[in-house]
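Chain and residue survey
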Amino acid sequence: MTPGAGPRTTLPDVTKLGVAVIGAAGRMGRAVCEAVDGAADLELVARLGEDDDVAALRASGASVGVDFTVPSATEANVHALIDAGLHAVVGTTGWTDESLGRVREHLDRVNAGREQGLGVLIAPNFALSAVLAMRFAQQAARFFESAEVVELHHPDKVDAPSGTALTTARHIAAARAEAGLGPVPDATEKQVDGARGAVVDGVHVHAVRLRGLVAHEEILLGNPGEQLTIRTDSFERSSFMPGVLLAVRAVVSRPGLTFGLDQVLDLG
Ligand SMILES: NC(=O)C1=CN([C@@H]2O[C@H](COP(=O)(O)OP(=O)(O)OC[C@H]3O[C@@H](n4cnc5c(N)ncnc54)[C@H](O)[C@@H]3O)[C@@H](O)[C@H]2O)C=CC1
Ligand SMILES: O=C(O)C1=N[C@H](C(=O)O)C[C@H](O)C1
């Protein structure tokens, strides 16, 4: 574990919220460390990498652990953060209903014995444009016969489709089901494997990997004679930082599991 700004020679500032970043050397981890460092009310007290022990955060002065690691590691990190008595903000992808359920149960168990409960906030995307795009897609879905999602990312991304696209597709599917819409029209009988993308709850999702891109998504909604396109573009990782900082400040007073940044924005 590397302390926030070199070896600590003084006690942490108790007027600030102590933050530890897990995955601190990664693309997002570096940006989060910089953002926390630049926030007057937060103090970066630890940067953790792959070989560091999350349990050591117990003595670090951190109240919130922020995880931007890899899908195979994030769930274990969150359970370790809860066991160490920290709140958690998570941007890492790979969450399923089952893994979210395990976190919810763990929090229920731990919070039953605490005066001020621990919170975990997991968001597939912290960029405001993406959060709004997901919400608009959910609102629009019931009015359209067809819906497909295209996500476009940098080629160093290890998972496909993106967590954002999975969530978008699930929201669209839920809105269609609630409105009583049937399957999307599709006459395809013969295709090269994968030509129609992945199918998430009946919604086709396509993943593009292209050098030069950061994180982008298009939601295409079609009716006879018309189309609605909702598009979000993160050109820089700075786009995620206001959402990450908002989540860090919010999670300490939101016991239990929160999924999605929309839950802490006043979106109506
Ligand atoms: N929710 C959001 O707004 C966003 C989410 N992401 C997601 O965040 C995750 C990280 O993305 P990037 O920073 O681009 O990846 P990256 O590959 O640049 O960074 C991941 C870092 O985690 C470290 N790591 C791996 N296992 C670890 C472990 N067990 N403990 C501690 N550190 C560990 C790696 O060494 C690396 O430094 C991905 O799942 C990505 O999809 C990315 C951008 C925005
Ligand atoms: O890996 C990324 O870069 C991103 N991952 C998240 C996802 O999979 O949705 C969020 C954003 O799209 C960037």
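From a predicted model like this one, the values you see are computed outputs, not experimental measurements. (Residues numbered from 1 in each chain as written. Chains lettered and ligands numbered in written order. Predicted model: local features only at pLDDT ≥ 70, side-chain atom pairs only at ≥ 80, totals over all residues. Heavy atoms only, no water.)

Remarks on the site of ligand 1
Heads up, the condition is: Here, proximity means that at least one heavy atom of the residue falls within 4 Å of the molecule or strand. Counting of polar contacts relies on pairs of N or O atoms within 3.5 Å, with two restrictions inside protein: one atom must be capable of donating a hydrogen and the other of accepting it, and residues adjacent in sequence are counted only when both atoms are side-chain atoms. Surface accessibility follows the Shrake-Rupley procedure with a 1.4 Å probe radius. Residue values consider only the protein chains on display as shielding. Only protein atoms enter the 1 Å grid used here, on which a cavity is any set of points holding a 1.4 Å probe that cannot leave and a pocket is any open set flanked by protein within 12 Å on both sides along at least five of seven lines; residues with an atom within 4 Å of a point are listed as lining. Pocket or cavity membership: a molecule qualifies when more than half of its atoms sit within 2 Å of the grid points of that site. To qualify as a helix, a DSSP run of H or I must reach at least 4 residues; to qualify as a strand, a run of E must reach at least 2; elements of each kind are numbered from the N terminus.
Near ligand 1 there are 22 residues, and of these Arg27, Met28, Thr93, Phe126 and Lys157 occur at the shortest range. In the environment of ligand 1, a nitrogen atom lies 3.1 Å from a nitrogen or oxygen atom belonging to the backbone of Gly91. In the environment of ligand 1, an oxygen atom lies 2.8 Å from a nitrogen or oxygen atom belonging to the backbone of Phe126. For ligand 1, whose unbound accessible area comes to 860 Å², protein coverage reaches 81%. Taken atom by atom, the bulk of ligand 1 overlaps the largest pocket. Elements with a minimum of two residues in the shell around ligand 1: helix H1 (27–37) and helix H2 (71–83).

Things to note about the packing of H1 against helix H6 (residues 241–251)
Inclusion rule: Angles here are taken between N-to-C directions and fall from 0 to 180 degrees, while the axes themselves are lines fitted to C-alpha atoms, restricted in helices to the stretch in contact. Oblique is the label for any angle not under 35 degrees, not over 145, and not in the 65 to 115 range, which are roughly parallel, roughly antiparallel and roughly perpendicular in turn. It is the rotation of the near helix from the far one that decides the hand of a crossing: anticlockwise by less than a right angle makes it left-handed, clockwise makes it right-handed. Contacts are assigned to residue pairs that have any heavy atoms within 4.5 Å of one another. Under this grouping Gly is polar, as are all residues other than the nonpolar Ala, Val, Leu, Ile, Met, Phe, Trp, Tyr, Cys and Pro and the charged Asp, Glu, Lys and Arg.
Interaxial distance between H1 and H6 falls to 10 Å at its minimum, and their mutual angle equals 65°. Our classification of the angle between H1 and H6 gives roughly perpendicular. Note on packing geometry: the crossing formed by H1 with H6 is right-handed. On H6, the residues that touch Met28, Ala31, Val32, Ala35 and Val36 of H1 are Met241, Val244 and Leu245. Of the residues assigned to the contact of H1 with H6, the class counts are eight nonpolar, no polar and no charged.

Details of the pairing of strand S11 (residues 226–234)
Keep this limit in mind: In this description, strands pair whenever DSSP reports at least two bridges between them.
Pairing of strand S10 (residues 215–223) with S11, which is carried by nine bridges, proceeds in the antiparallel orientation. Across the sheet, residue Ala215 finds its bridge partner in S11, namely Ser234. Hairpin connection between S10 and S11: a loop of two residues separates the two successive antiparallel strands, and Gly225 in this loop has a positive phi of roughly 80°.

Comments concerning the UniProt feature "binding site: (S)-2,3,4,5-tetrahydrodipicolinate" (unreviewed entry) in the protein
Applicable threshold: UniProt positions are given in the numbering used here, feature names are shortened, and annotations may be inferred rather than shown by experiment. Accessible area is worked out with a 1.4 Å probe on protein chains only. A residue is then buried under 20% of its type maximum, exposed over 50%, and partly exposed in between.
Look at the UniProt record and you will see "binding site: (S)-2,3,4,5-tetrahydrodipicolinate" (unreviewed entry) annotated at His154, Gly163 and Thr164. For the largest cavity, the lining residues among the annotations just cited are Thr164. Inspection of the secondary structure assignment puts His154 in the loop between strand S7 (146–153) and helix H5 (163–178). Residue classification places His154 among the buried positions, given a relative accessible area of 12%. The residues contacting His154, other than those within four sequence positions of it, are Arg27, Arg209, Leu210, Leu213, Val214 and Arg237. The residue Thr164 is located in helix H5 in this model. Judged by its relative accessible area of 7%, Thr164 falls in the buried class. Each residue touching Thr164, except ones within four places of it in the same chain, is listed here: Pro124, Asn125, Met134 and Glu217.

Remarks on the nonpolar core
The criterion, for reference: Here the nonpolar core consists of buried residues drawn from Ala, Val, Leu, Ile, Met, Phe, Trp, Tyr and Cys, with membership extended through side-chain atoms lying within 4.5 Å. Segmentation of the chain into domains, including their bounds, is taken from an automatic or database domain assignment.
Formed by 33 residues in total, the largest nonpolar core has its most connected members in Val32, Val66, Val89, Phe126 and Val248. Going through the elements one at a time, strand S2 (17–22), H1, strand S3 (42–48), strand S4 (64–67), helix H4 (128–140) and H6 are the ones with two or more residues in this core. Summarising the domain contributions, this core has at least three residues from each of domain 1 (17–122 + 239–264) and domain 2 (128–185 + 195–235). Listed in part, the 23 residues of the second largest apolar core include Leu48, Ala62, Leu107 and Val120.

Concerning the site of ligand 2
Around ligand 2 sit Thr93, Pro124, Asn125, His153, His154, Lys157, Asp159, Ser162, Gly163, Thr164, Ala215 and Phe240, and that is every residue in its neighbourhood. With respect to ligand 2, the side chain of His154 contributes an N or O atom lying 2.9 Å from an oxygen atom. Within the backbone of Gly163, an N or O atom sits 2.8 Å from an oxygen atom of ligand 2. When ligand 2 sits alone it has 320 Å² of accessible area, and the protein chains cover 84% of it. Comparing atom positions with the cavity grids shows ligand 2 to sit within the largest pocket. Classifying every residue of the shell around ligand 2 gives three nonpolar, seven polar and two charged.

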